[in-house]
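Report on the structure
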Amino acid sequence: MREVYMDYSATTPVKAEVMAEMLPYFTMKFGNPSSLYGPGFEARDGVEAARHNVAHLIGAADKEVYFTSCGTEADDWALKGVAELKKAKGKHIITTKIEHHAILHTCEYLEKQGYEVTYLGVDAEGQISLEELENAIRPDTILVSIMFANNEMGAILPIKEAAAIAHKHDVLFHTDAVQALSNVPIDVKDLDVDLMSISGHKIYAPKGIGALYIRKGLVLPNLLHGGAQESKRRAGTENVTGIIGFGKAAQMAEENLDYHIKHITELRDYFIENVQKRISNVRVNGGMEHRLPGNVNMIFDFIEGEALLGYLDMQGIYISTGSACSSGSFAPSHVLAAMGLPPEKIYSSLRFSIGDFTTKADLDYVVDCLERTVQTLRSFSPFNEEHPMFGTTQVHK
Ligand SMILES: *Cc1c(COP(=O)(O)O)cnc(C)c1O
């Protein structure tokens, strides 16, 4: 059976070149980067070379990149760090309703600690209003945190403009760029952000490695306390192999960025066009203009998304609902809800994400399976207009 992985937004496989770069650091170059002898220096050099590659990909200085255990830790650190740092100034934070749970649940935690959080809404395209952002800023606002690109429906948000508004009011700006990294050109200096979270396993590096960009001069309180690693800012022996992998993946992402964006966008549009040609009552969630190259989030009317996901799984096609449903809690996606979708449309929505190993032949296979499976599921659905007993188009009505 053919297998087609279409969940690159959830995680990516480690590329062979990335793996090859990592391997020596498990065995020969296994030293602790803090050790003051050969193998330690070797590991240290590897870590610093990787830091340079990651920094270069986002336009940062090497010293502004701090490795963390994941994107979630970077998000946590940014929010809790600024909250601690600026608590004398105020306890108000602004974010959006469509953030990843790494941001939303940290905000909920901070709310319990006495902080106040404003959650900006989005329109049907998944875009925030810059005017609403500016109006939300108060004298006690200490941080604006807005994601660069949304993991569920792919909207790319106006980070440069949002950061400018925050700075106009002397407020720090953080962005969760985990989905944007390697899919959108990023230059932290041009964007003028203070803090930015990124992660390795969304760009073909292994799971368990991330980084926080912290603008030079901004001294964020530590999240972890312990050793003097990462310039005394993030304790814990470095995940050397993960860092090496992240560095190689960042280097490859930078080299391929233009081609990657063009190629993946073409595949995405080819997929959407063919799905819409072959299946009726399908719509794309979110706008097409400012959208991640590989993101397709669609509503299949009269279909239970989880059921379709399960049937596709049996045919070797791996996709996601893009929401908390996939983690076992059947709450409808907070992202699609924020875009104004009613629950039945949310439950009929699925996310397909395309990546570097996706081929046109894969997409053709997925469209074939989708067409058949949607037809079958719709024939069971009492809400389907073409249902023999319940539909409005029945001949004996
Ligand atoms: C995956 C993801 C995260 C979390 O990154 P991890 O490295 O998995 O902890 C945070 N934000 C966004 C937008 C993501 O897609």
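Residues numbered from 1 in each chain as written. Predicted model: local features only at pLDDT ≥ 70, side-chain atom pairs only at ≥ 80, totals over all residues. Heavy atoms only, no water.

1. Describing the overall build of the chain
How we decide: Each helix corresponds to a stretch of at least 4 residues labelled H or I by DSSP, and each strand to a stretch of at least 2 residues labelled E; elements are numbered beginning at the N terminus. Taken over C-alpha atoms, the radius of gyration is set against a globule rule of 2.2 Å times the number of residues to the power 0.38. Burial classification: accessible surface area is computed with a 1.4 Å probe over protein chains only, and a residue below 20% of its type maximum counts as buried, one above 50% as exposed, and the rest as partly exposed. Residue contacts follow a heavy-atom distance rule, with two residues in contact if any of their heavy atoms lie within 4.5 Å. Note on areas: Shrake-Rupley, 1.4 Å probe, and residue coverage restricted to the protein chains presented here. When charges are counted, neither His nor the chain ends are considered; positive counts come from Lys and Arg and negative counts from Asp and Glu. In this description, the location of a charge corresponds to atom NZ of lysine, CZ of arginine, CG of aspartate or CD of glutamate.
Along the chain, the regular secondary structure elements total 13 helices and 12 strands. Computed over C-alpha atoms, the radius of gyration of the chain comes to 22 Å, within 12% of the 21 Å expected from 2.2 N^0.38 for 397 residues, which places it in the range of a compact globule. Oriented by its inertia axes, the alpha-carbon framework of the chain measures out at about 85 × 55 × 35 Å. Counting only residues that meet the buried cut, the chain has 54% of its 397 residues in that class. Expressed as a percentage of contacts within the chain between residues at least 6 apart in sequence, the contacts between residues at least 24 apart total 72%. Summing over all exposed atoms, the chain offers an accessible surface of approximately 17,100 Å²; the carbon and sulfur share of this is 55%. Side-chain charges of the chain comprise 37 positive and 52 negative groups, with the mean position of each set lying 3 Å from the other.

2. Considering unusual backbone geometry
Even without being a glycine, Tyr204 presents a positive backbone phi close to 75°. In this fold, Tyr204 is placed in the loop between β7 (195–199) and β8 (210–214). On the accessibility criterion, Tyr204 (6% relative accessible area) is buried. At Phe302, a position not held by glycine, the phi torsion is positive, near 70°. Along the chain, Phe302 falls in the loop between β10 (295–300) and α10 (305–314). Of the residues examined, Phe302 reaches a relative accessible area of 23% and is grouped as partly exposed.

3. Quick look at a nonpolar patch on the surface
Keep this limit in mind: Patch building starts from residues that exceed 30% relative accessible area and form no salt bridge, then joins like charges within 9 Å and nonpolar side chains (Val, Leu, Ile, Met, Phe, Trp, Tyr) within 5 Å. In the sections that follow, a salt bridge refers to a side-chain nitrogen of Lys or Arg positioned within 4 Å of a carboxyl oxygen of Asp or Glu.
Together, Val14, Met19, Leu23 and Phe26 line one region of the surface with nonpolar side chains, adding up to about 350 Å² of accessible area. Within the element layout of this structure, Leu23 appears in the loop between α1 (16–22) and α2 (38–58).

4. What about the packing of α10 against helix α13 (residues 360–380)?
Cut-off, in case you're wondering: Fitted lines through C-alpha atoms serve as axes, helices being fitted only where they are in contact, and the angles separating the N-to-C directions of these axes extend from 0 to 180 degrees. Roughly parallel means an angle under 35 degrees; roughly antiparallel means over 145; roughly perpendicular covers 65 to 115; every other angle is labelled oblique. Each helix crossing is assigned a hand: it is left-handed if the near helix lies turned anticlockwise from the far helix by less than a right angle, otherwise right-handed if that turn is clockwise. Here the term charged refers only to Asp, Glu, Lys and Arg, the term nonpolar to Ala, Val, Leu, Ile, Met, Phe, Trp, Tyr, Cys and Pro, and the term polar to all other amino acids, Gly among them.
In contact at an axis separation of 10 Å, α10 and α13 are set at 135° when each is read in the N-to-C sense. If you check the angle between α10 and α13, you find them oblique. Here α10 and α13 pass one another in a crossing that is right-handed. Every residue of α13 that contacts α10 at Ala307, Leu308, Tyr311 and Leu312 is listed here: Cys369, Leu370, Thr373, Val374 and Leu377. Here the contact of α10 with α13 is composed, by residue class, of 8 nonpolar, 1 polar and no charged.

5. A look at the sheet that holds strand β9 (residues 282–284)
So the rule is basically this: Two strands make a pair as long as DSSP finds a minimum of two bridges between them.
Spatial strand order, β9-β10-β12: 3 strands in an open sheet with antiparallel pairing. Of all strands in the sheet, those with a lone pairing partner are β9 and β12 (349–353), marking the two edges. Averaged over all adjacent pairs, the angle separating strand axes in this sheet is 30°, with direction ignored. When β10 meets β12, the two strands line up antiparallel, connected through 5 bridges. By the bridge assignment for β12, Asn295 is matched with Ser353.

6. Description of helix α4 (residues 101–112)
Every α-helix carries 3.6 residues per turn, so stepping three or four residues along brings you back to the same face. Heads up, the rule is: By this rule, a helix spans an expected 1.5 Å times one less than how many residues it contains.
Helix length check: α4, at 12 residues, gives a terminal C-alpha distance of 16 Å against a target of 16 Å (1.5 Å per residue), a fit within 8%. Within the span of α4, buried status applies to Ala102, Ile103, Leu104, Thr106, Cys107 and Leu110. Elements that come into contact with the buried residues of α4 comprise α3 (71–85), β3 (92–96), β4 (116–120), β5 (141–145), β6 (172–176) and α11 (334–338). Backbone geometry just downstream of α4 places Gly114 in the positive-phi region, at approximately 100°.

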